[in-house]
Amino acid sequence: MAKTASEIYFENFCADLGIRLTRIPETNSKTPDYEFTIDGQLIVVEVKEIISNKEEQESVRVLNERGYGNVISSTPGDRVRKKISESSPQIRAQAKGKYPSLLVLFDHGLDADHLDPYCIRVAMYGL
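All figures in this text were calculated on a predicted structure; none of them were measured in a lab.

Enquirer: Just to check I follow, could you spell out the sheet that holds strand S2 (residues 34-38) for this structure?
Expert: Two orientations exist for strands paired in a sheet by backbone hydrogen bonds: parallel and antiparallel. As summarised here, the arrangement of the four strands in space is S1-S2-S3-S4, forming an open sheet in which the pairing is mixed. The open sheet has two edge strands, strand S1 (22-23) and strand S4 (101-107), and neither has a second partner. Relative to strand S3 (residues 41-50), S2 runs antiparallel, the two sharing five bridges. By the bridge assignment for S3, Tyr34 is matched with Val45. Sheet strands in contact with helix H1 (residues 5-17) are S1, S2, S3 and S4, and its direction is about 140° off that of S3.

Pasting the structure below:
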């Protein structure tokens, strides 16, 4: 399977820091993407990418046409909360309650700032 942009950026980021990643082989069940060891401690990593939805894409299209986009209504943190929920079983299966884990979120930043600190807080703790 081809790597996503988020996986490529994460791999390059870790390489720049001298962190040696191990890609976890894909199986029939959901698995996290990577693991690495720092000071003898295994760390499990799942990388998720937030991609523009149809509403956001349409807003950008009309922004380019008329100079202003559509109003998009959504609860702050919804997209992030969805990624947290999706990754939780994958991470738990590999971490097994014994290893720390890391969820890396990547947003192309083209349409909306889903990774704004406020959105992250709302995703984690609610409104």
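Back to the text.
Enquirer: Before we go on, may I ask you to explain the packing of aromatic side chains in this structure?
Expert: Think of a pair of aromatic rings as described by two things: how far the centres are apart, and how the planes are tilted against each other in angle. Here the structure, examined in full by the defined rule, presents two aromatic pairs. Ring centres 5.6 Å apart and planes at 50° place the aromatic pair Phe10 and Tyr34 in the tilted group. With Phe10 in helix H1 and Tyr34 in strand S2, this pair connects stretches of sequence that are 24 residues apart. Residue classification places Tyr34 among the buried positions, given a relative accessible area of 1%.

Enquirer: Would you explain the pattern of salt bridges in this entry?
Expert: Two side chains that carry opposite charge are able to pair once their charged atoms sit near each other. With the rule as written, the count across this model stands at ten salt bridges. With a shortest N-O distance of 3.9 Å, Lys48 and Glu86 are connected by a salt bridge. With Lys48 in strand S3 and Glu86 in helix H3 (residues 78-95), this pair connects stretches of sequence that are 38 residues apart. Taking the relative accessible area as the measure of exposure, Lys48 reaches 13% and is therefore buried. Ionic pairing is found between Asp78 and Arg81, a salt bridge with its closest N-O pair at 3.0 Å. Of the two residues, Asp78 and Arg81 are both situated in helix H3; the distance of three residues between them amounts to about one turn of the helix.

Parameters at a glance
Residues numbered from 1 in each chain as written. Predicted model: local features only at pLDDT ≥ 70, side-chain atom pairs only at ≥ 80, totals over all residues. Heavy atoms only, no water. Pairing = 2+ DSSP bridges. Helix = DSSP H or I, 4+ residues; strand = E, 2+ residues; numbered from the N terminus. Contact = heavy atoms within 4.5 Å. Axes fitted to C-alpha atoms, helices over the stretch in contact; angles between N-to-C directions. Phe/Tyr/Trp six-rings, centres within 6.5 Å; stacked < 30°, edge-to-face > 60°. Buried < 20%, exposed > 50% of the residue type's maximum accessible area, 1.4 Å probe, protein only. Salt bridge = Lys/Arg side-chain N within 4 Å of Asp/Glu carboxyl O.

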